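Structural characterization, general
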Amino acid sequence: MSENQIVLQNLDRGLLTITMNRPERRNALSPEMTQGLVEAARRAAEDHEVRAVLIKGAGGTFCVGGDVKSMAAGRAPLPFEAKMANLRRGMEVSRILHQMPKPVVAQLDGAAAGAGLSIALSCDLRVASASCKITTAFAKVGFSGDYGGTFFLTQLLGSAKARELYLLSPVLTAQEAFNLGMVTKVVPDADVEEAARELAMSLAQGPSIALGFIKRNINNAETMSLEACFDGEAMHHTRAGETADHKEAAKAFVEKRKPTFQGA
């Protein structure tokens, strides 16, 4: 399977759908897939035609993480520095999805485990099918975690719950994950594709500049002081108020109609 078939991209009305396409391996991460994911994430961040992103897996599974079978098969060993550099390059997908000023939705079905869960946690919203299984998984295969999962889970749930989910590595149902706040909504299995796409498309058709500023404000809150966050909010709010989308929203509110946003 060639590289462009392993990570598929489809742009429709501002929504870029990124599909991990190794269904025969439950979308386990291979070097080719991680490279394709980083390239797709960079395209999403840089392409002005892209206003929102949906990331999903082919064949009814999001991603089970690293390809443990390939690891166990044993390839020619690489030096420590080379292995670390390769891993760090692949992990960029999580950073880009998390930091880019465009909303990102993950469609979780089948399983989201290990690095697959980490990638899902880097997204802004997660729609899960009722039968989806969710787990950090790393401790069970003798790893400590990668792709930013410890950062995102700690930010999302707090240190105590992150320790529990990483050290004990329980397998959560979608409803259990929802109850913890790990996923945005749970829908019947048959509805997950439509529900995730509908949510992502609504963001793609929304006020893109304002949504980007909202994401930046929340990202700032993860690391900045209150004073710095206030400054950021004031700047972004003022800039959003100067956009055509804001003027359209205000006009639509007065006219009691749904606004039509142009991302400008």
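Look up: the structure comes first, before these words.
Described in the following lines is the structure provided in the data block. Worth saying up front: this structure is predicted, and the values here are computed from it rather than measured.

1. A few points about the packing of aromatic side chains
Scanning the entire structure with this criterion turns up two aromatic pairs. Taken together, a centroid distance of 6.0 Å and an interplanar angle of 10 degrees make the contact between phenylalanine 138 and tyrosine 166 stacked. Of this pair, phenylalanine 138 sits in the loop between strand 7 (133-135) and helix 6 (149-157) while tyrosine 166 sits in helix 7 (residues 159-167), and the two are 28 residues apart along the sequence. Residue phenylalanine 138 is classed as buried on the basis of its relative accessible area of 6%.

2. Quick notes on the pattern of salt bridges
All told, the structure shown has twelve salt bridges when counted by the stated rule. Note that arginine 13 is salt-bridged to aspartate 12, the shortest N-O span being 3.3 Å. Its salt-bridge partner being arginine 22, residue aspartate 67 comes within 3.2 Å of it at the nearest N-O pair. Of this pair, aspartate 67 sits in the loop between strand 3 (52-57) and helix 3 (68-73) while arginine 22 sits in the loop between strand 2 (15-20) and helix 2 (31-46), placing them 45 residues apart in sequence. Take aspartate 67 and arginine 22: they sit in the same class, and that class is buried. If you follow the salt bridges from partner to partner, you end up with Asp12, Arg13 and Arg197 in one network.

3. With respect to the nonpolar core
In terms of nonpolar packing, the biggest core is built from 47 residues, with Leu37, Ile55, Phe62, Leu108, Ile134 and Met182 touching the most fellow members. Here this core gets six residues from one element, more than from any other, and that element is helix 2. Once residues within four sequence positions are removed from consideration, leucine 37 is found in contact with Val7, Ile18, Met20, Leu29, Ile55, Val93 and Ile119. Counting 13 residues, the second largest nonpolar core, distinct from the first, contains Leu15, Ala52, Leu54 and Ala204.

4. Looking at helix 6
Every buried residue belonging to helix 6 is among Gly149, Phe152, Leu153 and Leu157, and all of these are buried. Along the axis of helix 6, the buried residues cluster in a sector spanning 100 degrees; they form a single face. Where helix 6 is buried, its residues touch helix 4 (80-99), helix 5 (115-122), helix 7 and helix 8 (174-180). Looking one or two residues beyond helix 6, the residue adopting positive phi is glycine 158, at roughly 95 degrees.

5. Some remarks on the sheet that holds strand 7
Spatial ordering of the open sheet is given by 5-7-8, a layout of three strands whose pairing is mixed. Both edges of this open sheet fall to strand 5 (111-113) and strand 8 (172-173), since each of them pairs with a single strand only. Pairing of strand 7 with strand 8 involves two bridges; the strand directions are antiparallel. Residue pairing across strands places isoleucine 134 opposite leucine 172, the latter belonging to strand 8.

6. Focus on a negative patch on the surface
Residues Asp189, Asp191, Glu194 and Glu198 make up a contiguous surface patch of negative charge. Topologically, aspartate 191 is positioned in the loop between strand 9 (185-187) and helix 9 (192-204). Judged by relative accessible area, aspartate 191 falls into the partly exposed class, the value being 36%.

7. Digging into the sheet that holds strand 3
Strands sit in the order 1-2-3-4-6-9 across an open sheet of six strands; the sheet is mixed. Only two strands of the sheet have a single neighbouring strand rather than two, namely strand 1 (7-12) and strand 9. Taken over all neighbouring pairs, the strand axes of this sheet differ in orientation by 20 degrees on average, direction set aside. Bridge analysis of strand 1 against strand 2 gives six bridges, and the strand direction is antiparallel. Considered in strand 2, the bridge of leucine 11 is made with leucine 16.

What counts, and at which threshold
- Residues numbered from 1 in each chain as written.
- Predicted model: local features only at pLDDT ≥ 70, side-chain atom pairs only at ≥ 80, totals over all residues.
- Heavy atoms only, no water.
- Phe/Tyr/Trp six-rings, centres within 6.5 Å; stacked < 30°, edge-to-face > 60°.
- Helix = DSSP H or I, 4+ residues; strand = E, 2+ residues; numbered from the N terminus.
- Buried < 20%, exposed > 50% of the residue type's maximum accessible area, 1.4 Å probe, protein only.
- Salt bridge = Lys/Arg side-chain N within 4 Å of Asp/Glu carboxyl O.
- Core = buried A, V, L, I, M, F, W, Y, C linked by side-chain atoms within 4.5 Å.
- Contact = heavy atoms within 4.5 Å.
- Arc of directions from axis to C-beta.
- Pairing = 2+ DSSP bridges.
- Patch = residues over 30% accessible without salt bridge, like charges linked within 9 Å, V, L, I, M, F, W, Y side chains within 5 Å.
- Areas by Shrake-Rupley, 256 points an atom, 1.4 Å probe, with all protein chains shown as cover.
- Lys, Arg positive; Asp, Glu negative; His and termini not counted.
- Charge placed at Lys NZ, Arg CZ, Asp CG, Glu CD.
- Axes fitted to C-alpha atoms, helices over the stretch in contact; angles between N-to-C directions.

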